[in-house]
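Secondary and tertiary structure notes
What follows is the residue order along each chain.
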Amino acid sequence: MDAASLLLGLLVGALLATAVTLGVVAVVRRRAPQPDGLEPVHESLDHLHRLLAGIERDRATAHGELREQVGTVGQTSALLRQETAALVTALRTPHVRGRWGEVQLRRLVEVAGLLEHADFVQQPSSVNDLGAGVRPDLVVTLADGKHVVVDAKVPFAGWIEAVQATDETVRVARVAEHARQLRAHVEALAARRYPTAFDPAAPFTVLFVPSDGFLTTALEAEPGLLEHAFGRDVVIATPSTLLALLRTVAYSWRTERLARDAGAVLEVGRLLHTRLGTLSGHLTKLGAALGSAVGRFNDTVGSYERSVLTTARRFDDLGVSATPVPTPAPVSAQVRELHPAPDPELRTG
């Protein structure tokens, strides 16, 4: 029980003792004849007694609720310690650490907007120039066809021990061990020669560290770790820096697709223009043919009227035929010529 609860209990006890004493005095005085002027005092004492009884009930209720909440907090803390211990135990296992790094890497790729099997491939297998088989966690394809190899299997057992250390000397030693492990992993990645296995590829390998704290802690013990990794063609990337790299790659892919689509649209436009020219030529020839056919038809009608119908009308005059021979009418419709429509901008201007 804390100091506030103890003080509250002492106060309530003192008030209860005072109330009991005053109550006894009141009972004694009631037994003896008293003037009516003490009746207000009795009522005040009764009111005080009821008030103190209510305070005591509220205190008991609050104390019970506080005890229940303290118990809940204790259970939650115990559960949190168990879960934390289970997480630390799991992270000490190499394949669990590797899986966590792969999940983080997958989330970054999705956030960057890259497309699987088009812009990147997960865990592809290949052979380097020394004939050794390699299998990185991610191979990102650039817009120009080159590849960037990413590895996420970073050790951080020393970092976990440094975080759990309560002694400063032990923590410094664990931080130095974490930096040594990260440096050894840089050497191992350089020895795998990933770029030669995925030619054409960028001349470096990206070492993905799933948390910025891992790299910051390692740089405390070894500030020159980044320069050493650069000299071994290994780029150490945290989630923030790798996300910037992947977003740049995604932007280059979008630009490449837009340029490719623009070229396709231009090619379709050229093909459509050529076919429209061919169709316009056919329409022009067809119109000319129709105009020539109309002229020839009218010429034939004129010749028919002059040479044939004049003789046929003599039969009509002699009464040989019951109905006269009909006279065909010439065709007066003209074929419309094909003209381009005026430019709307020129008309509005």
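Here the focus is the overall build of the protein chain. When helices and strands are tallied, the protein chain shows 10 helices and 7 strands. For the protein chain, buried positions account for 24% of its 349 residues. Long-range pairs, those at least 24 residues apart, make up 65% of the contacts in the protein chain with a sequence separation of at least 6. Accessible area for the protein chain stands at about 23200 Å²; split by element, carbon and sulfur atoms hold 62% of it.

Okay, the side chain of E222 next. Looking at where E222 falls in the secondary structure, it is placed in the loop between α7 (212-221) and α8 (225-231). Apart from the residues lying within four places of it in its own chain, the contact partners of E222 are A179 and R183.

Taken as a whole, this structure holds 10 salt bridges when the rule is applied. The partner of R59 in a salt bridge is E56, and the shortest N-O contact between them spans 2.9 Å. Taken together, the residues span about one helical turn, with R59 and E56 both in helix α2 (residues 39-91) at a distance of 3 residues. Residue R59 is classed as partly exposed on the basis of its relative accessible area of 26%. Linking E168 and R171 is a salt bridge whose minimum nitrogen-to-oxygen distance equals 3.4 Å. Of this pair, E168 and R171 both sit in helix α5 (residues 168-192), 3 residues apart, roughly one helical turn. Residue E168 is classed as partly exposed on the basis of its relative accessible area, which comes to 49%. Each of E168, R171 and E220 takes part in one network of salt bridges that share partners.

In this structure, L182, V186, Y194, F198, L207, V234 and I236 are the most contacted members of the largest nonpolar core, which totals 23 residues. Mapped onto this core, the elements with two or more residues apiece are α5, α6 (194-197), α7, α8 and β7 (234-237). Looking at which element gives the most residues to this core, the answer is α5, with 5 residues. Setting aside its immediate chain neighbours within four residues, F198 contacts P124, S126, V134, P136, V139, H147 and V149.

Summing up the model confidence of the protein chain, the mean pLDDT is 77 and the portion of residues at 70 or higher is 75%. Ranking the elements of the protein chain by mean pLDDT puts helix α10 (residues 344-348) last with 53 and α8 first with 91.

The next point concerns the side chain of T238. Tracing the backbone shows T238 in the loop between β7 and α9 (239-318). Looking at T238, its side chain comes within polar contact range of the side chain of D212, at 3.1 Å. Those residues in contact with T238, other than ones at most four positions away along the chain, are F208, V209, S211, D212 and L215.

Residues L138 and V140 line one face of strand β4 (residues 138-141) and the alternating positions V139 and T141 line the opposite face, and both faces are buried. Relative to β4, strand β1 (residues 120-122) runs antiparallel, the two sharing 3 bridges. Looking across to β4, one finds that Q122 is bridged to L138. The pairing of β4 with strand β5 (residues 147-151) spans 4 bridges and is antiparallel. Note on β5: the bridge partner recorded for V139 is V149. Linking β4 to β5, which pair antiparallel, is a turn of 5 residues; within it G145 sits at a positive phi near 95°.

Another point: α5. For α5, which comprises 25 residues, the first-to-last C-alpha distance of 36 Å matches the rise-based estimate of 36 Å (1.5 Å per residue) to within 8%. Taken together, the buried positions of α5 are V175, H178, A179, Q181, L182, H185, V186, L189 and A190. For α5, the N-terminal cap is D167; the gap from its side-chain oxygen to the backbone nitrogen of T169 is 3.0 Å. At the exit of α5 stands R193, carrying a positive phi of roughly 55°.

As a further point, take the sheet that holds β7. Spatially, 5 strands are ordered β1-β4-β5-β6-β7 in an open sheet, and the strand pairing comes out mixed. The two strands at the open ends of the sheet, each matched to only one other strand, are β1 and β7. Taking each pair of neighbouring strands and ignoring which way they run, the sheet shows an average axis angle of 25°. As paired elements, β5 and strand β6 (residues 201-208) share 4 bridges and run parallel to each other. Within β6, the position partnered with H147 by the bridge is A201.

About the cut-offs
Residues numbered from 1 in each chain as written. Predicted model: local features only at pLDDT ≥ 70, side-chain atom pairs only at ≥ 80, totals over all residues. Heavy atoms only, no water. Helix = DSSP H or I, 4+ residues; strand = E, 2+ residues; numbered from the N terminus. Buried < 20%, exposed > 50% of the residue type's maximum accessible area, 1.4 Å probe, protein only. Contact = heavy atoms within 4.5 Å. Areas by Shrake-Rupley, 256 points an atom, 1.4 Å probe, with all protein chains shown as cover. Salt bridge = Lys/Arg side-chain N within 4 Å of Asp/Glu carboxyl O. Core = buried A, V, L, I, M, F, W, Y, C linked by side-chain atoms within 4.5 Å. pLDDT = per-residue confidence, 0-100. Polar contact = N/O pair within 3.5 Å; in protein donor to acceptor, adjacent residues only side chain to side chain. Pairing = 2+ DSSP bridges. Expected span 1.5 Å × (residues − 1). Axes fitted to C-alpha atoms, helices over the stretch in contact; angles between N-to-C directions.

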